[in-house]
Amino acid sequence: MDKRIEKLTEILNSHHFFAQAVSTPDEAKDIVKQLIKDCKTVGMGGSTTLARSGIWSMVAEDKDKTLYNSVYAAKHKEDIPAAMRKGLDADVYITSSNAITEDGKLINIDGTGNRCAAMFYGPEKVIFVIGKNKIAENFDDAIARIKAVACPNNAKRLKKTTPCGVIGRCTDCNSEDRMCNVTTIIERPTRGKTMHIILVDAEMGD
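None of these values were measured; they are calculated from a predicted model.

A. Structural context of unusual backbone geometry. With a phi angle near 75°, H16 is a residue other than glycine that sits in the positive phi range. By the element assignment, H16 lies in the loop between α1 (3-14) and β1 (18-22). Even without glycine at this site, D172 takes up a positive phi of about 50°. Tracing the chain through its elements places D172 in the loop between α9 (163-167) and β9 (182-186).

Next comes the structure, spelled out in structure tokens:
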């Protein structure tokens, strides 16, 4: 197990998160399955971590759960903005984090804001699944990682015509499709919310 993960798990638990470290994506998936077993509605942020770990498909294929997610809504020809709003009122919200600092801060950047909002407001339970590649030494390194890796890769995946999606690096653009409209820092769980953080000793997602 990566020593950074072990230390970070201790720090997060001291900050009132429910954090645990696992070795593989399959272990993370099993934990998520247990954490959501009594949940009927599930909000989920766009995430290559969740997709590649099988967590997204596990939830989408569960006939006993209703999934609120923009990709799922588009696939089923449902109202996308409505699905995004309903995700804020789901029993649980599952997401990753663009980055997490070694002192336990969750750093995220969003274009629309629904994913970031659901992390700290709305659902009473939030589950973060985070690979070790997203651990950054500090806030500045976290932002640098997001703008150099996460945003350009997400822009390309979503076929956005932002500069980062075209040339692969941030230009602090004013594009209508800009990926970096909202930046959030979560230092502790917000009032009335339970936040589970699963740290995975593997490289996962962008």
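Now that the structure has been shown, the text picks up again.
B. Representation of helix α8 (residues 139-157) in the model. The terminal C-alpha atoms of α8 lie 25 Å apart, and with 19 residues this matches the ideal 27 Å at 1.5 Å per residue to within 8%. Turning to α8, its buried residues are A142, I143, R145, I146, A150, C151, P152, N154 and A155. For α8, the capping residue at the N-terminal end is N138, with a side-chain oxygen 3.2 Å from the backbone nitrogen of D140. In the stretch just after α8, K159 is the one whose phi turns positive, near 60°.

C. Main features of helix α2 (residues 25-35). Buried within α2 are the following residues: A28, I31, V32 and L35. An end-on view of α2 places all buried positions within 100° of arc, on one side of the element. Of the exposed residues in α2, those oriented more than 90 degrees away from the buried face are D26, K33 and Q34. Residues of α2 that are buried in the fold lie against β1, α4 (55-60), β4 (92-95), β7 (125-131) and β10 (194-200).

D. How the structure looks around the side chain of T9. Mapped onto the elements, T9 comes out in helix α1. For T9, a relative accessible area of 11% corresponds to the buried category. A polar contact of 2.7 Å, which involves the side chain of T9, links it to the backbone oxygen of I5.

Rules of the game
Residues numbered from 1 in each chain as written. Predicted model: local features only at pLDDT ≥ 70, side-chain atom pairs only at ≥ 80, totals over all residues. Heavy atoms only, no water. Helix = DSSP H or I, 4+ residues; strand = E, 2+ residues; numbered from the N terminus. Expected span 1.5 Å × (residues − 1). Buried < 20%, exposed > 50% of the residue type's maximum accessible area, 1.4 Å probe, protein only. Polar contact = N/O pair within 3.5 Å; in protein donor to acceptor, adjacent residues only side chain to side chain. Arc of directions from axis to C-beta. Contact = heavy atoms within 4.5 Å.

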